[in-house]
Amino acid sequence: DSSCAGYFNASRIPTENWPTVLAHNKYWYEHADVTISGTGKNGVYNNAGTATITGLKVTNPGQHGVSNNPAEDGTGKQAVLTVKDATIDGSGEGSNNIQNKGTLVIENVTLKNSANHGIYNDNQVTSKGSLTISGSAVNGIYNYGGQMELASVNVSTAGEHGVNNT
């Protein structure tokens, strides 16, 4: 959609039509698929932001498929990320499909072929819908002192543990 991509002249839109334009763009922004492949670092890097991503597909990132981290500048600003209807396949050496140090909500997510853990968590993860993890070199889920609320989890072929709660 050209208006979502910014290919329109905003000065030509009458003021009374802006609510319709914004509703239209918001709808497509929230429902569009996102495909990311072969990045040098992370597929998605959320650094102290708040975001919702629907329809995400990450393949062979250089590091983590998704990295959700609080601010590194000492402000204490937290990262809040929601990922829906996603597939993450692969991670860089020693990296995870999902690295979470913030607040993460995942819904209907498939994680495959992690070079380390499917999910590394040291803060808060909530899963809704289905969570399928396969082919993790170490743990399907490694919870390092964080808080997890999981539902409908299927872990197969993990090098050590399906879930390691330390």
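What you see is a predicted model, and the numbers here were worked out from it, not measured in a lab.

A. Quick look at the overall build of the protein chain. The helix and strand tally for the protein chain stands at one helix and 14 strands. By residue count, 39% of the 166 residues in the protein chain fall in the buried class. Across the protein chain, the fraction of contacts at a sequence separation of at least 24, relative to all contacts at a separation of at least 6, is 29%. Accessible surface computed for the protein chain: about 8800 Å², of which carbon and sulfur atoms make up 47%.

B. Region of interest: the sheet that holds strand β9 (residues 119-121). Reading across from one edge, β2-β5-β7-β9-β11-β14 is the order of the six strands in this open sheet, with parallel pairing throughout. Strands at the two margins of the open sheet, each flanked by one partner only, are β2 (44-47) and β14 (161-165). Shown here is a sheet whose adjacent strand axes are inclined to one another by a mean of 5 degrees, direction ignored. As paired strands, strand β7 (residues 98-100) and β9 are joined by three bridges and run parallel to one another.

C. Inspection of the packing of aromatic side chains at higher detail. The full count for this structure, using the stated rule, is two aromatic pairs. Note on Tyr142 and Tyr144: the rings are 5.9 Å apart at their centroids and 35 degrees apart in plane angle, and the pair reads as tilted. Owing to a relative accessible area of 47%, Tyr144 belongs among the partly exposed residues under this scheme. Three or more aromatic residues joined by ring pairs form one cluster here, namely Tyr120, Tyr142 and Tyr144.

D. Structural detail: the nonpolar core. Among the nonpolar cores identified, the biggest contains 20 residues, and Leu56, Val83, Ile98, Ile106, Leu111, Ile119 and Leu131 are the most heavily contacted of them. Beyond its immediate sequence surroundings of up to four residues, Leu131 is in contact with Ile106, Val109, Leu111, Ile119, Ile141, Leu150, Ala151, Ser152, Val153 and Asn154.

Reading the values: the criteria
- Here, residues in each chain are numbered from 1, in the same order as that chain's written sequence.
- A pLDDT threshold of at least 70 governs which residues receive local features in this predicted model, and a stricter bar of 80 or more applies before side-chain atom pairs are shown or counted, although totals over entire chains, interfaces and linings include all residues.
- Values reported for side chains reflect all heavy atoms of the structure, with hydrogen atoms and water molecules removed beforehand.
- Strands are runs of DSSP state E lasting at least 2 residues, helices are runs of H or I lasting at least 4, and numbering of each runs from the N terminus.
- Note on exposure labels: buried denotes an accessible area under 20% of the residue type's maximum, exposed denotes more than 50%, and partly exposed covers the range between, all computed with a 1.4 Å probe on protein chains only.
- Throughout, a residue-residue contact means that at least one pair of heavy atoms, one from each residue, lies within 4.5 Å.
- Per-residue accessibility takes into account occlusion by the displayed protein chains alone, with areas from the Shrake-Rupley method and a 1.4 Å probe.
- A pair of strands is treated as paired once DSSP finds two or more bridges between them.
- Orientation is described by axes fitted as lines to C-alpha atoms, over the contacting stretch for helices, and by angles from 0 to 180 degrees between their N-to-C directions.
- We call Phe, Tyr and Trp rings a pair once their centres come within 6.5 Å, taking the six-membered ring for Trp, and we label the pair stacked below 30 degrees between planes, edge-to-face above 60, and tilted otherwise.
- As used in this record, nonpolar core signifies buried Ala, Val, Leu, Ile, Met, Phe, Trp, Tyr and Cys residues forming a set joined through side-chain atoms within 4.5 Å.

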